[in-house]
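Observations on chain architecture
These are the residues of each chain, in order.
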Amino acid sequence: MTHDPTPPAFVWAQPTDHGTTPLKADVVVIGAGSAGLTAAGLAASLGRRVILVERDRTGGECLFTGCVPSKALLSLAKRVHTARGAAALGLDVTGRPDWAVVRAEVRRVIDHFEPVDSPQAIAARGITVIAGEAAFVSPHVLEVTHAQGTRTVMAGEFVLATGSEVSVPDLEGLRDVPFLTHETVFDVPERPEHLIVLGGGPIGGELSQAMARLGSRVTVVQAAERLIPKDEPEASRALLTALRAEGLTVHLGAQATRVEPTEVGVRLHLQGGVAVDGTHLLVATGKRPRVHGLGLDVIGAAYNDQGLTVTPSMQSITCPYLWGAGDVVGGPMFTHGATERGTLAGLGSVGWLGRAAARLRAPAGRVALIPWVTYTDPEIAHWGLTEAQAVARYGDRVTVVDYDFLHLDRAVTEGESGFVKLVALRGMLGSPVGLRVVGAQVVGSRAGELIQGLSVSPRLGVHPLRVALLPVSYPTFAEATRQTYLGLFTEGEHFGKARPGRADASV
Ligand SMILES: Cc1cc2nc3c(=O)[nH]c(=O)nc-3n(C[C@H](O)[C@H](O)[C@H](O)COP(=O)(O)OP(=O)(O)OC[C@H]3O[C@@H](n4cnc5c(N)ncnc54)[C@H](O)[C@@H]3O)c2cc1C
Ligand SMILES: NC(=O)c1ccc[n+]([C@@H]2O[C@H](COP(=O)([O-])OP(=O)(O)OC[C@H]3O[C@@H](n4cnc5c(N)ncnc54)[C@H](O)[C@@H]3O)[C@@H](O)[C@H]2O)c1
């Protein structure tokens, strides 16, 4: 999976022209990841002349170093884990998978998608693709720097979709040891014998479990008191239990103080005198928007450590011809959030009608209203407010339904455990009038599929009673949605049980 760092020709799929004439377009998009590709494709399909500038590979993080390789790795890891679990059926599966095969398989999955986002495919959509590093040099003017030269690019509107970069902690000694990030971990030539994972968020959670199942010894060092702390505490506990049961060592509330090289790898010192020796160190301590070195000050575009500052429809609050899309505007960083923001930015960049459409769409598309999924085993999915957040905001109006997969026939037949937690606001005088769902958490098999149905009612403004009364095929996991919603209205053996929201639900 080694990535050839040589960038492709200056202008792809164009008669190569290294002249000095500025290139002109209606819309210039900077960054060809999920957000930039969406914005560029939309603007081009609406008849605009679009230039897309990319300094590395078209396709972005999701394809090469994010969702795609991580989900491929997790899938391979699950296959290995399931095979080992067959001992209970009398089958004897031992050993570690061939690392070269694992890497090749991950590469095969990337290769499957790569042509869709290739420069040739983008050019076929009528977009001019330019290779190089873009930075604003004056209003409406970009300079694109490439090994073959520098080119000026001008346009009426610009979309900034430069993504995010790993937030490397200021840890003594870290710059002096080799360490992995999500940009390099999928390229490791040998299986890490003992991988130390610094950070217990979605990247740390997913990759630590995948690597352990694929034969590495793994130690997770998490600064927060729990794993994946943006999810409900019950979800964090379920993940912790699963990881420890699979033999991973997990340090919670652990402050790394120093790291040093050793003969075989690295030694990570933790506060309290504990030291962890590993062969490899993976830094997964968060990501921050990529806003520096882009000349944003030159064009007066406001930004801070949280990203480019934009309106809900993704227009820069201080530079009217600049639109932001994807991780660079901060907030939750997900591919579906990047494409949603890319849609808004693409619409906004095409003129007043597009701007009006973006404003109309913005509230429904707010990234805060989009569910997220952590693809560990158990799978963990979340939408909206946690119980503690809801109680802090709405007090004793909060009611919570807890539903256990023990009541879900399909889960029982498949030997799967899990649960749903639905956070809602009571209706007036305990009636269904005004009752609404404000959050949901699922842990267990198909959590990522279930969260979609569980969040449809509040996202589309459909009353929860309509979801509760909708017949669902038997026996499916989707029955969990109906049975949890029924718990809001009635008590039954197979329904979720409603209880008042708890202020201390954050622990
Ligand atoms: C390990 C991992 C797993 C993940 N799994 C999931 C998942 O399962 N589901 C999910 O929804 N999200 C997942 N994510 C998050 C997801 O990958 C990102 O939110 C998404 O890819 C962001 O898209 P983007 O277009 O904003 O940025 P990117 O895809 O990073 O695109 C930005 C592009 O801009 C280019 N660029 C930067 N600066 C310049 C410049 N000056 N000039 C020209 N080009 C420039 C970069 O080279 C890059 O190609 C995962 C992330 C990681 C790291
Ligand atoms: N399935 C998915 O959708 C998916 C998967 C992976 C990543 N992502 C996205 O990518 C982004 C980055 O993921 P992430 O997990 O790196 O970020 P994160 O910010 O969600 O988690 C980082 C974790 O590292 C911990 N941490 C921070 N500094 C530390 C230190 N010095 N020592 C030990 N622990 C420390 C924090 O407590 C935090 O829980 C996130 O926005 C995430 O949503 C999404």
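Residues numbered from 1 in each chain as written. Chains lettered and ligands numbered in written order. Predicted model: local features only at pLDDT ≥ 70, side-chain atom pairs only at ≥ 80, totals over all residues.

The immediate surroundings of ligand 2 are formed by 25 residues, with Gly199, Gly201, Ala223, Gly286 and Met333 found nearest. Every element with two or more residues in the shell around ligand 2 is listed here: helix H6 (202-213) and strand S20 (372-374). Ranked by residue count, the leading element in the shell around ligand 2 is H6, at four residues. Each residue belonging to the shell around ligand 2 can be placed in one class, and the counts come to 15 nonpolar, eight polar and two charged. (Near = placed C-beta within 6 Å. Helix = DSSP H or I, 4+ residues; strand = E, 2+ residues; numbered from the N terminus. Nonpolar A, V, L, I, M, F, W, Y, C, P; charged D, E, K, R; others polar.)

Near ligand 1 lie 35 residues; those nearest to it are Gly31, Gly33, Gly60, Gly163 and Gly326. For the shell around ligand 1, the secondary-structure elements that each account for two or more residues are helix H1 (34-45), strand S3 (50-54), helix H2 (60-64), helix H3 (67-85), strand S5 (133-138) and helix H8 (335-348). Considered class by class, the residues forming the shell around ligand 1 number 14 nonpolar, 13 polar and eight charged.

Let's shift gears to the nonpolar core. Membership of the largest hydrophobic core comes to 144 residues, with the highest contact counts inside it found for Val28 and Val159. If you tally residues by element for this core, the top one is H1, at seven residues. Contacts of Val159, omitting those with residues within four sequence positions, involve Val27, Val29, Ile30, Gly36, Ala39, Trp323, Ala325, Ala345, Gly346 and Ser349. (Core = buried A, V, L, I, M, F, W, Y, C linked by C-beta atoms within 7 Å. Buried ≥ 20, exposed ≤ 12 C-beta atoms within 10 Å, placed from the backbone. Contact = placed C-beta atoms within 7 Å.)

Before going further, it helps to spend a moment on the pairing of S3. Burial analysis of S3 places five of its five residues in the buried class, which makes it a mostly covered element. Burial along S3 is two-sided: Val50, Leu52 and Glu54 facing one way and Ile51 and Val53 facing the other are all buried. Examined bridge by bridge, strand S2 (residues 23-30) and S3 share four bridges and lie parallel to one another. Among the inter-strand pairings, Ile30 is bridged to a residue of S3, identified as Val53. Handedness of the S2-H1-S3 crossover: right-handed. (Pairing = 2+ DSSP bridges. Right-handed = clockwise from strand over helix to strand, strands pointing away.)

Close contact between H3 and helix H4 (residues 99-113) brings their axes to 9 Å; oriented N to C, the two are set at 135°. Taken together, the axes of H3 and H4 are oblique relative to one another. Where H3 crosses over H4, the two elements pack in a sense that is right-handed. Residue-level contacts link Val68, Pro69, Ala72, Leu73 and Leu76 of H3 to Val102, Glu105, Val106, Val109, Ile110 and Phe113 of H4. When grouped by side-chain class, the residues that make up the contact of H3 with H4 number 10 nonpolar, no polar and one charged. (Axes fitted to C-alpha atoms, helices over the stretch in contact; angles between N-to-C directions. Parallel < 35°, antiparallel > 145°, perpendicular 65-115°, else oblique. Left-handed = near helix turned anticlockwise from the far one by under 90°.)

Frequently, the measure chosen for interface size is the accessible area that the parts lose on association. One can read the domain layout of the chain as domain 1 (8-58 + 118-165 + 288-368), domain 2 (174-285) and domain 3 (378-500). Each of domain 1 and domain 2 was reduced to a C-alpha centroid, and the two centroids are 35 Å apart. (Domains from an automatic or database assignment.)

For the rest of this paragraph, the subject is the UniProt feature "domain: Pyridine nucleotide-disulphide oxidoreductase dimerisation" (unreviewed entry) in the chain. UniProt tags residues 370-483 as "domain: Pyridine nucleotide-disulphide oxidoreductase dimerisation" (unreviewed entry). In the segment residues 370-483, helix accounts for 32% and strand for 28%; the C-alpha atoms at its two ends are 22 Å apart. (UniProt positions renumbered as here; feature names shortened; annotations may be inferred.)

Moving on, we get to the UniProt feature "binding site: NAD(+)" (unreviewed entry) in the chain. This chain's UniProt record puts "binding site: NAD(+)" (unreviewed entry) on Gly199, Gly200, Gly201, Pro202, Ile203, Gly204, Gly205, Glu206 and Gly286. The greatest C-alpha distance among the residues just named is 13.6 Å, despite their covering 88 residues of sequence, which places them together in space. Here Gly205 lies in helix H6. Contact partners of Gly205, with chain neighbours within four places excluded, come to Gly200, Leu227, Ile228, Leu239, Thr374 and Thr376. Within the secondary structure layout, Gly286 lies in the loop between strand S15 (280-283) and strand S16 (287-289). The contacts of Gly286, once residues within four sequence positions are left out, are Ser167, Gly199 and Gly201.

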